[in-house]
Amino acid sequence: MIPDGPGPRDADPAYLAACRDAGLLVDIGAGHCVLGATRDPLSGRDFCLVEYAHPAPASHEAAEALRRHAAAVHPGTSGVLLRTAPDVRLCAPWTPHLTYLRRDPPDRHSGGDTASGSPGSDTASRSSSGDTASRFSGGVTVVPAAPEHQGRIRSWIADAFAAGAAQQGTTARREDAEAQADTVMATPGRFTLVAVIGAEPAGHATLLPFTDEVTATAYLELFDTLVAAPFDVRAVTGLLVEASLARAARAGLPLLGNVVHGGATGVPEHGARIVASLHRRGWRTEHVYWHAPTPTDTPGN
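Described in the following lines is the structure provided in the data block. (Residues numbered from 1 in each chain as written. Predicted model: local features only at pLDDT ≥ 70, side-chain atom pairs only at ≥ 80, totals over all residues. Heavy atoms only, no water.)

**As for the overall build of the chain**
Thought 1: The number of helices and strands found in the chain is 6 helices and 13 strands.
Thought 2: In the chain, which comprises 301 residues, the proportion classed as buried is 45%.
Thought 3: Of the contacts made within the chain by residues no fewer than 6 positions apart, 66% connect residues no fewer than 24 positions apart.
Thought 4: Summed over all atoms, the accessible surface of the chain reaches about 14,400 Å², with 54% contributed by carbon and sulfur. (Helix = DSSP H or I, 4+ residues; strand = E, 2+ residues; numbered from the N terminus. Buried < 20%, exposed > 50% of the residue type's maximum accessible area, 1.4 Å probe, protein only. Contact = heavy atoms within 4.5 Å. Areas by Shrake-Rupley, 256 points an atom, 1.4 Å probe, with all protein chains shown as cover.)

Next up, the structure:
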């Protein structure tokens, strides 16, 4: 049966019903969870993904019980990925894998910055579709991507896939990273902003419509941002994010981003520093995916 109490972030009943019908909602004795095998398309590694659990895994002991159960169901996988609420902290052998964060656009009636403007913007012209081309001091213009930008955007997104794989200790073949970039480029509703300095594209922010199937929450996902050398990465990235927030505000949606983690347990790593920096700038964590190796002490071994 579908549990009638809240799970992590109050899972959507339609999601639970679909998982039950697919045989993915399983009884684990003390509760229920949604688990299944998944493959990383870049590394080729197989994982057991625990997307939902009821009761929510709020402690290390609860996470370990789910890890042992997942490994018993899918013993051939190289690890377990577990989704938790934002305030859960796990210790070894768990390490953070991905952190998803949201930032809500400014309230138009709050008296603060309006959603249609960006700090430091000198002028902005709006097209008939509602998209803006904003010109900033320092000669930076943020514009909707034009056809001549698409090849550069594809390459930047492939670079991001390769960098993310490297941060998690794997090497992505260029053709595989480009195949993933092609999937992103073909996503319905994709919208990319490009920062231009002079006549040179300096970076991009690629936005995708996204609905979290677990909670049925709709977002505008800031899938990737990248600013190329030798441009000012911090300043230009900030302008691209503010322009993305303005678009999210026009859509009436929160902006969703993610941070890739890597490194050994207990070692302060780049991803954790990025998350802390984003928190200081008004973002808040929605949920976290944790990784742990498949245990060898599963029932029956």
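**Quick notes on the packing of helix α3 (residues 150-167) against helix α4 (residues 174-185)**
Thought 1: Interaxial distance between α3 and α4 falls to 8 Å at its minimum, and their mutual angle equals 120 degrees. The angle between α3 and α4 places the two elements in the oblique class. Note that α3 runs across α4; the crossing there is right-handed. Each of Gln150, Ile153, Arg154, Ser155, Ile157, Ala158, Asp159, Phe161 and Ala162 in α3 lies in contact with α4, whose residues at this interface are Arg174, Ala177, Glu178, Gln180, Ala181, Asp182, Val184 and Met185.
Thought 2: A per-class count over the contact of α3 with α4 returns 9 nonpolar, 3 polar and 5 charged. (Axes fitted to C-alpha atoms, helices over the stretch in contact; angles between N-to-C directions. Parallel < 35°, antiparallel > 145°, perpendicular 65-115°, else oblique. Left-handed = near helix turned anticlockwise from the far one by under 90°. Nonpolar A, V, L, I, M, F, W, Y, C, P; charged D, E, K, R; others polar.)

**Overview of the pattern of salt bridges**
Thought 1: Using the criterion set out here, one finds 17 salt bridges in the structure.
Thought 2: Of the charged contacts, one joins Arg152 and Glu200 as a salt bridge, the two residues approaching to 3.3 Å between their closest N and O atoms. On the criterion of sequence distance, the pair formed by Arg152 in helix α3 and Glu200 in strand β10 (residues 200-212) is long-range, its members being 48 residues apart.
Thought 3: Salt-bridge contacts for Arg154 lead to Glu178; the nearest nitrogen and oxygen are separated by 3.9 Å. Of this pair, Arg154 sits in helix α3 while Glu178 is found in helix α4, placing the two residues 24 residues apart along the sequence. (Salt bridge = Lys/Arg side-chain N within 4 Å of Asp/Glu carboxyl O.)

**Some thoughts on helix α1 (residues 13-21)**
Thought 1: For α1, the full list of buried residues reads Tyr15, Leu16 and Cys19. Projected onto a plane normal to the axis of α1, the buried residues spread over an arc of 95 degrees and lie on a single side. Of the exposed residues in α1, the ones pointing more than 90 degrees away from its buried face are Pro13, Ala14 and Asp21.
Thought 2: The inward-facing, buried residues of α1 contact β1 (25-27), β2 (32-39) and β3 (46-54). (Arc of directions from axis to C-beta.)

**Here we look at the environment of Gln180**
Thought 1: Secondary-structure assignment places Gln180 in helix α4.
Thought 2: When the C-alpha positions of Gln180 and Ile157 are compared, they lie 8.4 Å apart, and in sequence the two are 23 residues distant.
Thought 3: Once residues within four sequence positions are removed from consideration, Gln180 is found in contact with Pro41, Leu42 and Phe161.

**Looking at the packing of aromatic side chains**
Thought 1: In the structure shown here, the tally under the stated rule is 3 aromatic pairs.
Thought 2: The lysine or arginine in question, Arg247, covers the ring of Phe191, its NZ or CZ lying 3.5 Å from the ring centre. (Phe/Tyr/Trp six-rings, centres within 6.5 Å; stacked < 30°, edge-to-face > 60°. Lys NZ or Arg CZ within 6 Å of the ring centre and 35° of its normal.)

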